[in-house]
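Spelled out from the first residue to the last, the chains are:
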Amino acid sequence: MKLSLSAVLLSLLLCACTRTVQVPPLTPASLPTVDTWVGTLAKPTFRFAAYGDTRDGHDVHRRIVTAVLASKPEFVLQSGDLVSDSSVAAQWKIFDEITGEMRARIPYYPARGNHDNQGGDFFESYLPKQGIHREGFYYSFDKGRFHFIAVDTEDTLVTAGPQYEWLEDDMT
């Protein structure tokens, strides 16, 4: 099974945000044991939901949104493919019907997938407008001590390309 870079980054991100580890000062006499490390785990800094590829399976998407609302996250990440064909207004209407309440109540951060690049300018209206560092369809934002990045899978990420340079600048 081939994993995309975005899937790997999202997996790492999810692992990083599930717990905060406070590292005690180390001296030769006080090297931590497993019990010491487990004891330093703190409650999560914040909660967020992440899901994606909602272009089909509207009943499943409705159940996901219901679960997201019930979990009361501070924000939602969507990894792309909001609809099957971004040029079809009727598909965006269904998407709005399914996600409207959630997006009205919880900050929503979608990344653009290949199905969101089929035409029309609907996708851009779903991008966050405030509190982000944005260029084109890629952007970043901070939450607590964490930095989140949405890359555009439909734009090149080659060295010296615009998105790559933006990403390098954003990470410094």
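Participant: Explain helix α5 (residues 162-171) to me, using residue names and the numbers behind them.
Facilitator: Where α5 is concerned, the buried positions are Q163, W166, L167 and D170. The arc that holds the buried residues of α5, viewed along the axis, is 100°, so those residues lie on one side. Contacts made by the buried residues of α5 are with β6 (133-135), β7 (138-143) and β8 (146-150).

Participant: Provide a residue-level description of the sheet that holds β6, including the pertinent values.
Facilitator: Overall, antiparallel pairing links the 3 strands, which are arranged β6-β7-β8 in an open sheet. Bordering the open sheet on either side are β6 and β8, each of which pairs with just one other strand. Geometrically, the sheet is characterised by an average inter-axis angle of 10° between neighbouring strands, direction not taken into account. The pairing of β6 with β7 spans 3 bridges and is classified as antiparallel. Across the sheet, residue R134 finds its bridge partner in β7, namely Y139.

Participant: Please set out helix α3 (residues 58-71) residue by residue, giving values where relevant.
Facilitator: With 14 residues, α3 ought to run about 20 Å at 1.5 Å a step, and its terminal C-alpha atoms sit 20 Å apart, in line with that. Every buried residue of α3 is accounted for by H61, V65, V68 and L69. Seen end-on, α3 carries its buried residues on one side only, within an arc spanning 95°. Counted as exposed and oriented over 90 degrees from the buried face of α3: D59, R63, T66 and A70. As for α3, its buried residues are in contact with β3 (48-51), β4 (75-78) and α4 (89-105).

Participant: Just give me the short version of the sheet that holds β3, but keep the residues and values in it.
Facilitator: Here 3 strands make up an open sheet; going across it, the order is β3-β4-β5 and the pairing parallel. What marks the edges here is a single partner per strand, and that holds for β3 and β5 (108-110). Neighbour to neighbour, the strand axes of the sheet diverge by 15° on average, direction disregarded. Alignment of β4 against β5, held across 3 bridges, turns out to be parallel. Paired with L77 across the strands is Y109, a residue of β5. Set on the sheet, α4 makes contact with β3, β4 and β5; between it and β5 the angle comes to about 135°.

Participant: For the pairing of β8, give the residues involved together with the corresponding values.
Facilitator: Alternating residues of β8 divide into F146, F148 and A150, all buried, and H147 and I149, none buried. Two elements, β7 and β8, share 5 bridges in a ladder whose sense is antiparallel. Residue pairing for β8: F141 is matched across the bridge by F148. Connecting β7 to the next strand, β8, in antiparallel fashion are 2 residues, including G144 with a positive phi near 60°.

Participant: Go over the packing of aromatic side chains with me, naming the residues and quoting the values.
Facilitator: Here the distance between the centres and the angle between the planes together describe a pair of aromatic rings. Counted according to the given criterion, the structure contains 19 aromatic pairs. Ring centres 6.1 Å apart and planes at 55° place the aromatic pair F46 and F148 in the tilted group. Placement of the pair is F46 in the loop between β2 (41-42) and β3 and F148 in strand β8, with a sequence separation of 102 residues. For F148, a relative accessible area of 2% gives the class buried. An angle of 5° between the planes, with centres 5.2 Å apart, marks the rings of F48 and F75 as stacked. You can see F48 sitting in strand β3 and its partner F75 sitting in strand β4, a full 27 residues away along the chain. Aromatic rings pair up to connect F46, F48, F75, Y109, Y139, F141, F146 and F148 into one cluster. Note that R112 overlies the ring of F137, its terminal NZ or CZ placed 3.9 Å from the centroid.

Rules used in this analysis
- Residues numbered from 1 in each chain as written.
- Predicted model: local features only at pLDDT ≥ 70, side-chain atom pairs only at ≥ 80, totals over all residues.
- Heavy atoms only, no water.
- Buried < 20%, exposed > 50% of the residue type's maximum accessible area, 1.4 Å probe, protein only.
- Helix = DSSP H or I, 4+ residues; strand = E, 2+ residues; numbered from the N terminus.
- Arc of directions from axis to C-beta.
- Contact = heavy atoms within 4.5 Å.
- Pairing = 2+ DSSP bridges.
- Axes fitted to C-alpha atoms, helices over the stretch in contact; angles between N-to-C directions.
- Expected span 1.5 Å × (residues − 1).
- Phe/Tyr/Trp six-rings, centres within 6.5 Å; stacked < 30°, edge-to-face > 60°.
- Lys NZ or Arg CZ within 6 Å of the ring centre and 35° of its normal.

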